[in-house]
Amino acid sequence: IKCGLKFQILQDARCGSNQSLFRMKIPNFHAGLYIVDPGFDGLVDHTFPSLPLQSVDVEAKLVDTAAEVTITQTFVSQGATPVETIFAFPLDEGAAVCGFEAQVGTRTIVGLVKEKFEAEAEYHAAIRQGKTASLLSEVKADVFQLSLGNVPPQLTVRVRTTYVTELKAEGDATRFLLPTTVAPRYTPAGVSGVPSGPSAVAGGNWGLKLSLEVEMRSPIVSVTSPSHDVVSVTGDSSATATVTLSEGRAILDKDLTILIHTADPHQPRVCVEEDGSTGGRAAMLTLCPNIELDDARCEIVFVVDRSGSMAGSQIAQARSALQLFLRSLPADCYFNIIGFGSRHETLFPRSTQYSPQTLNTATQHVAHMQANLGGTELLRPLQTIASMRSIPGYSRQVFVLTDGQVSNTEQVFAQVKSMSSTARVFSLGIGGGVSHHLVEGMARAGRGNAQFVAADERLETKVIRQLKDALQPALVDVSIDWGVPPLPAPAASAPKSLLGYRKPDPRSLLRVTQAPHTLPPVFSGTRFTAFALLAPDAPLPREVTVTAQSPDGPLVVTLPVEAAEVYHGDVVHRLAARTLIRDLEEGASHLHRAGARMPTDSEVKAEVVRLGVAFNLASKHTSFVAVDPAAPVAPPRPVYHILRPQSAPAQCRSRFAPGALAVSQCSSSPPMTSRRSLASVPAAACFGAGGARDSRGGGNPFLLGGGGGSYSGGGSYN
């Protein structure tokens, strides 16, 4: 959709409880929120009232290795009656969502964190009473859903979401990521209970406005972006800067990445944050090791996404990365290549020794590689690798190259984790709409690391760095002494009773809760970060010691806690709590420690809820809910139920018919027989043959028509 262009969509679809055929006509279409009148029926032209998106504004404060980000989305209610809106949006997969408010007209509704079902019940009760209410819930770690109920007509609505996030290192630069797209996620056949992705729309004319305030530890050398054109203005000192988009606003068709290069990017340090409201302390340790060890002998297996979503620039980047990987392998190694989609193909029956002949066979194979294997079924090739016999004397390293557009992420993580004792997994995310949650999660579960390559970005440095990490011996036995002694064990003052005795939990004597509980491996030249929550009675540590076991013996570093590194705030507290929640969700928490009784789902949920409520964080089991205490905007009545179209990634736009509106199923609200909405349109009706996806990447199952072709795989796109 070109900016300012107006057009009409005329499309047949089945909708409503009687499955009648109707024709939708949307004049002067603009990206935004569109609804179907629940009283509409029959084969007629129909105009949709709308709640169009006017603007997206992002304000962020970047300090050293952390950021606080506020996203403001502005809509204008143009209908004649109150409506309920539901829309989804992406966030950084490591984001700790800690604030939400909705300004409806002149009234501001502030969200509070509650247990998820409790929050949903409170929201729906308010809607039935005719009150304006809002609900913010996590769909996946990198996708959130916002519901606004009983939005009054003819008002401006501003939705503000605030989160804090850790800034990752990319080589010698600090990386700020702002996801702006959610690509369709493939669900393999037979997989149930996987949340569907949000809707998508091709293009939009609203745009993104960006304002970053940057404050680093050393002078800023440059600020660049592989995805957008940016302008950086130096602040009062050489270590501060303000960053904006050069064109003022940018279309939301690809994720925004900004790289901040400083004079001394890898200063090791420990900072301690004091929370005045609770009296607690939180510590954050960051360092960048410099290690040179002999390379290990390796078996290297490349797993390449050849599904339809990789068509175009992504498969070209995958080919380039593979060619570079192959030509950089050491002489004494074994290797293999597995391409996957709805099925998977292996280049060699088993991993073969690297030689000029096998290299030539592999490079010829890669040169003709296409995105022609159907859907994105990543689980099966990983299971195949797990069943392969290992090669004595060679450690297995697995490289996954993908755009990450799958929805069964939990199953993939579980499979990778089950392989982690015999193989390390490194992931390379390709494209502007890649799922960071999948790519980062696989690397965490597989004790490897993750890299990302945006569209048209040079990949040589990242490929060589990742290969170097894989060839280095794994330094996985890492421990931290946070400098806080445990409480002394209580003296035995009374005999133990046969009628009532419980062995004391040794964790009750600890005054430090480390996050993550199991520390990630150490890689040379890669930033290592860990957090700790200190008990209120714990003394301020004077120094922190990190120890990592290597083939040459233990490697140790002790970092002092400087007085200048102690400050007040809550950012580190929330980052630590979010990391603990992620541990719980991924089965890697202190409750899941080796040798302990495996916790029940209810025990894990209770701990997630405790952390979410205590630190005001949205999570898998906690949501933000807000109800306007003012009088109802209307008597209790059936409300319109609408979806906000989400921007499609740039690489998907060529597969959308111009102006095509895409729809996903949304089932967060309880069923109401009086409701008829886009959310209730049967998937088979919306994703008809005209919009199905074929194994060559043509068509798009999100389209109401368009495309052409058919998809022969057993799964579906959501």
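The structure under discussion appears in the preceding block.
So, here is what we can say about the structure in this document. All figures in this text were calculated on a predicted structure; none of them were measured in a lab. (Residues numbered from 1 in each chain as written. Predicted model: local features only at pLDDT ≥ 70, side-chain atom pairs only at ≥ 80, totals over all residues. Heavy atoms only, no water.)

1. Considerations on the overall build of the chain
Piece 1. Looking only at helices and strands, the chain features 11 helices and 39 strands.
Piece 2. Sorting the 718 residues of the chain into buried and exposed places 57% on the buried side.
Piece 3. Counted over contacts in the chain with a minimum sequence separation of 6, partners at least 24 positions apart contribute 74%.
Piece 4. Just so you have it, the chain exposes about 29,100 Å², and 52% of that area is on carbon and sulfur atoms. (Helix = DSSP H or I, 4+ residues; strand = E, 2+ residues; numbered from the N terminus. Buried < 20%, exposed > 50% of the residue type's maximum accessible area, 1.4 Å probe, protein only. Contact = heavy atoms within 4.5 Å. Areas by Shrake-Rupley, 256 points an atom, 1.4 Å probe, with all protein chains shown as cover.)

2. Points about helix 3 (residues 356-367)
Piece 1. For helix 3, built from 12 residues, the straight-helix expectation of 16 Å at 1.5 Å per residue is met to within 8% by its first-to-last C-alpha distance of 16 Å.
Piece 2. Listed as buried for helix 3 are Thr358, Leu359, Ala362, Thr363 and Val366. Buried positions in helix 3, seen along its axis, are confined to an arc of 130° and lie on one side of it. In helix 3, the exposed positions angled more than 90 degrees off the buried face are occupied by Pro356 and Gln357.
Piece 3. Tucked into the core, helix 3 has its buried residues touching helix 2 (313-328), strand 25 (333-340) and strand 27 (352-353). (Expected span 1.5 Å × (residues − 1). Arc of directions from axis to C-beta.)

3. Let's talk about the packing of aromatic side chains
Piece 1. As enumerated under the stated definition, the model contains nine aromatic pairs in all.
Piece 2. Here Tyr334 and Tyr394 contribute two aromatic rings whose centre-to-centre distance is 5.0 Å and whose plane-to-plane angle is 80°, an arrangement assigned as edge-to-face. Taken together, the positions of Tyr334 in strand 25 and Tyr394 in the loop between helix 4 (379-387) and strand 28 (395-402) put the pair 60 residues apart, joining distant regions of the chain. In terms of burial, Tyr334 and Tyr394 fall into one category: buried.
Piece 3. Connected via pairs of aromatic rings, a cluster forms that spans Phe302, Phe325, Phe399, Phe426 and Phe523.
Piece 4. Above the face of the Tyr394 ring, Arg297 is positioned so that its terminal group lies 4.6 Å from the ring centre. (Phe/Tyr/Trp six-rings, centres within 6.5 Å; stacked < 30°, edge-to-face > 60°. Lys NZ or Arg CZ within 6 Å of the ring centre and 35° of its normal.)

4. As for the environment of Glu299
Piece 1. Summarising the element assignment, Glu299 is placed in strand 24 (residues 298-305).
Piece 2. For the pair Glu299 and Leu471, spaced 172 residues apart in the sequence, the C-alpha separation amounts to 9.7 Å.
Piece 3. When near neighbours in sequence (up to four residues on either side) are disregarded, Glu299 contacts Tyr334, Ser351, Ile391, Tyr394, Ser395, Arg396 and Gln397.
Piece 4. In this structure the side chain of Glu299 is engaged in a polar contact, spanning 2.9 Å, whose partner is the side chain of Arg396. (Polar contact = N/O pair within 3.5 Å; in protein donor to acceptor, adjacent residues only side chain to side chain.)

5. Some details on the packing of helix 8 (residues 571-585) against helix 9 (residues 601-615)
Piece 1. Viewed as axis vectors pointing N to C, helix 8 and helix 9 meet at an angle of 165°, and their least axial separation amounts to 10 Å. Taken together, helix 8 and helix 9 sit at an angle that is classed as roughly antiparallel. Our pair here, helix 8 against helix 9, has a crossing hand that is left-handed. Seen from helix 8, the contacting residues are His573, Arg574, Ala577, Leu580, Ile581 and Leu584; seen from helix 9, they are Val604, Glu607, Val608, Leu611, Gly612 and Phe615.
Piece 2. Grouping the constituent residues of the contact of helix 8 with helix 9 by class yields eight nonpolar, two polar and two charged. (Axes fitted to C-alpha atoms, helices over the stretch in contact; angles between N-to-C directions. Parallel < 35°, antiparallel > 145°, perpendicular 65-115°, else oblique. Left-handed = near helix turned anticlockwise from the far one by under 90°. Nonpolar A, V, L, I, M, F, W, Y, C, P; charged D, E, K, R; others polar.)

6. Comments concerning the side chain of Glu170
Piece 1. Among the secondary structure elements, Glu170 is positioned in strand 13 (residues 168-170).
Piece 2. Overall, the relative accessible area of 10% leaves Glu170 in the buried class.
Piece 3. What Glu170 contacts, discounting residues up to four positions off in sequence, is Arg175, Leu259, Glu457 and Lys462.

7. Topic: the nonpolar core
Piece 1. Membership of the largest hydrophobic core comes to 49 residues, with the highest contact counts inside it found for Leu62, Phe176, Leu212 and Ile258.
Piece 2. Among the elements that make up this core, the one with the highest residue count is strand 4 (residues 50-63) (five residues).
Piece 3. The contacts of Leu62, once residues within four sequence positions are left out, are Ala67, Leu167, Phe176, Leu212, Glu213, Val214, Glu215 and Ile260.
Piece 4. Formed by 35 residues, the second largest nonpolar core is a distinct cluster that contains Met310, Ile315, Leu459 and Leu467. (Core = buried A, V, L, I, M, F, W, Y, C linked by side-chain atoms within 4.5 Å.)

8. Some remarks on the sheet that holds strand 13
Two strands in a sheet stick together by hydrogen bonds in their backbones, pointing the same way (parallel) or opposite ways (antiparallel).
Piece 1. Pairing in this open sheet of four strands is antiparallel, and the strands run 13-14-21-17 from one edge to the other. This sheet does not close on itself; its edge strands, each paired only once, are strand 13 and strand 17 (220-224). Each strand of the sheet is rotated relative to its neighbour by a mean of 30°, with strand direction disregarded.
Piece 2. In the sheet, strand 17 pairs with strand 21 (residues 256-262) via four bridges, with the strands oriented antiparallel. Residue pairing across strands places Thr224 opposite Leu259, the latter belonging to strand 21. (Pairing = 2+ DSSP bridges.)

9. Looking at the sheet that holds strand 31 (residues 478-481)
Piece 1. The strand order across the open sheet built from three strands is 31-34-35, with neighbouring strands paired in antiparallel fashion. Each having just a single partner strand, strand 31 and strand 35 (553-560) make up the two edges of the open sheet. Neighbour to neighbour, the strand axes of the sheet diverge by 15° on average, direction disregarded.

10. Considerations on the packing of helix 2 against helix 3
Piece 1. At a minimum axis separation of 10 Å, helix 2 and helix 3 run at an interaxial angle of 175°. The angle between the axes of helix 2 and helix 3 places the two elements in the roughly antiparallel class. Here helix 2 contributes Arg319, Leu322, Gln323, Leu326 and Arg327 to the contact with helix 3, which in turn contributes Leu359, Ala362, Thr363, Val366 and Ala367.

11. Notes on the pattern of salt bridges
Piece 1. Summed over the entire model, instances satisfying the criterion amount to 26 salt bridges.
Piece 2. Two residues, Asp57 and Arg249, come together in a salt bridge whose shortest N-O distance is 3.3 Å. With Asp57 in strand 4 and Arg249 in strand 20 (residues 249-250), this residue pair connects regions lying 192 residues apart in the sequence.
Piece 3. With a shortest N-O distance of 3.4 Å, Arg574 and Asp570 are connected by a salt bridge.
Piece 4. Under the relative-accessibility criterion, Arg574 is labelled buried at 16%.
Piece 5. Through salt bridges that share partners, Lys168, Glu170, Arg175, Glu440, Glu457 and Lys462 make up one connected network. (Salt bridge = Lys/Arg side-chain N within 4 Å of Asp/Glu carboxyl O.)

12. Remarks on the pairing of strand 34 (residues 543-550)
Piece 1. Summarising burial for strand 34: six of the eight residues are buried, a large majority.
Piece 2. Pairing geometry for strand 34 and strand 35, over eight bridges, is antiparallel. Bridge pairing in strand 35 places Ser550 opposite Gly553.
Piece 3. Here strand 34 hands over to strand 35 after two residues, the two strands then running antiparallel side by side.

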